[in-house]
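What follows is the residue order along each chain.
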Amino acid sequence: MKVHHLYSGGKDSSLAAWILSQLGYEVELVTVTFGLLDNWRYARETAERLGFKHRVLELPVEILKKAGEMAISDGHPNNAIQFIHERALEALASMPEVERVSDGTRRDDRVPLLDLPKARSLEDRFGVAYIRPLLGFGYKTIRELVERLFVVEIRESEKLEKADYEVELRHLLREKGIDPLEIFPKRHYQSRVLGWREKEIKAQG
């Protein structure tokens, strides 16, 4: 059974991928880009270190532009990030070979997170199974598992080399002459997985 898993290279999406592999799925990691930057390569590097297959999915830049307008209008990025995540899941689910999609959203997330009606709608519209391995896990459990499994780099979002939606959204705002720190929280920290903590830990099985 194969699952296509939205992947940023961060701790949550990496942990979710590992859980899927332990459940017996063949996991292919998928990183979204809008073609403005090549930051997807950080996710690819991590995927290769963890031993997972990886592909890049390029979405229309119009989606990013609309998200930028939302962020500017709202004065915060929440709705913009949610919008991008939903479009990313839809794009992935619409691919002919895709039967199962997943992500690293967790119980404590506010965005991005599909509520039950949206999750069911995704499955019904595209005929896929939507899997969320971390939905039942809280912050403490995720932290314990991540610390046991992975070597992780944690830095301020503006300084971390990462491959999530936020990077190109921040870039778009700068191109518009807007300081991203006027929209995004100041001193916000994110993570990037660098590899396995123990050499004997395997990505599959």
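Remember, it's a predicted structure, so these values are computed and weren't measured experimentally.

1. So, the overall build of the protein
The number of helices and strands found in the protein is seven helices and seven strands. Its helices and strands in sequence order give the protein the pattern β-α-β-α-β-α-α-β-α-β-α-β-α-β, from N to C terminus. Overall, the C-alpha framework of the protein stretches about 50 × 40 × 30 Å when taken along its three principal axes. With 205 residues in all, the protein has 52% of them scored as buried. Within the protein, contacts between residues separated by at least 24 positions form 77% of all contacts whose residues are at least 6 apart in sequence. Working note: accessible area of the protein is about 10100 Å², and carbon and sulfur atoms make up 49% of it. Considering the protein, the positive charge centre built from 33 side chains and the negative charge centre built from 34 side chains are found 3 Å apart.

2. What about the environment of E123?
Within the secondary structure, E123 sits in helix α5 (residues 116-126). Residues E123 and V98 lie 25 residues apart in sequence; the distance between their C-alpha atoms is 12 Å.

3. Concerning helix α2 (residues 40-50)
For an α-helix, 3.6 residues make a turn, and residues three or four places apart therefore share a direction. Every buried residue of α2 is listed here: Y42, A43, T46, A47 and L50. Projected down its long axis, α2 carries its buried residues within an arc of 135°, all on one side. Those residues of α2 hidden inside the fold are in contact with α1 (11-22), β2 (26-33), β3 (53-58), β6 (150-156) and β7 (189-196).

4. Some remarks on the nonpolar core
One finds V32, L92 and V101 to be the most contacted residues of the largest nonpolar core, which totals 33 residues. Among the elements that make up this core, the one with the highest residue count is helix α4 (residues 78-93) (eight residues). Residues within four places of V32 in sequence aside, it is in contact with L6, L57, L59, A88, A163 and Y165. Among the nonpolar cores identified, the runner-up in size contains 25 residues, and L20, I142, V146 and F150 belong to it.

5. Structural notes on α4
Between its first and last C-alpha, α4 extends 23 Å over 16 residues, near the 22 Å set by a 1.5 Å rise per residue. Of all 16 residues that make up α4, twelve are buried, and the element is covered over most of its length. Buried residues of α4: A80, I81, Q82, F83, I84, H85, E86, A88, L89, E90, L92 and A93, and no others.

6. Here we look at the packing of helix α3 (residues 61-74) against α4
The N-to-C vectors of α3 and α4 enclose an angle of 160°; their axes lie 8 Å apart at closest approach. Here α3 is positioned roughly antiparallel relative to α4, judged by the angle of their axes. Crossing angle aside, the handedness with which α3 passes α4 is right-handed. Contacts from I63, L64, K66, A67, M70, A71 and D74 of α3 reach α4 at N79, A80, F83, I84 and R87. Looking at the contact of α3 with α4 residue by residue, the classes come out as eight nonpolar, one polar and three charged.

Reading guide: rules and limits
Residues numbered from 1 in each chain as written. Predicted model: local features only at pLDDT ≥ 70, side-chain atom pairs only at ≥ 80, totals over all residues. Heavy atoms only, no water. Helix = DSSP H or I, 4+ residues; strand = E, 2+ residues; numbered from the N terminus. Buried < 20%, exposed > 50% of the residue type's maximum accessible area, 1.4 Å probe, protein only. Contact = heavy atoms within 4.5 Å. Areas by Shrake-Rupley, 256 points an atom, 1.4 Å probe, with all protein chains shown as cover. Lys, Arg positive; Asp, Glu negative; His and termini not counted. Charge placed at Lys NZ, Arg CZ, Asp CG, Glu CD. Arc of directions from axis to C-beta. Core = buried A, V, L, I, M, F, W, Y, C linked by side-chain atoms within 4.5 Å. Expected span 1.5 Å × (residues − 1). Axes fitted to C-alpha atoms, helices over the stretch in contact; angles between N-to-C directions. Parallel < 35°, antiparallel > 145°, perpendicular 65-115°, else oblique. Left-handed = near helix turned anticlockwise from the far one by under 90°. Nonpolar A, V, L, I, M, F, W, Y, C, P; charged D, E, K, R; others polar.

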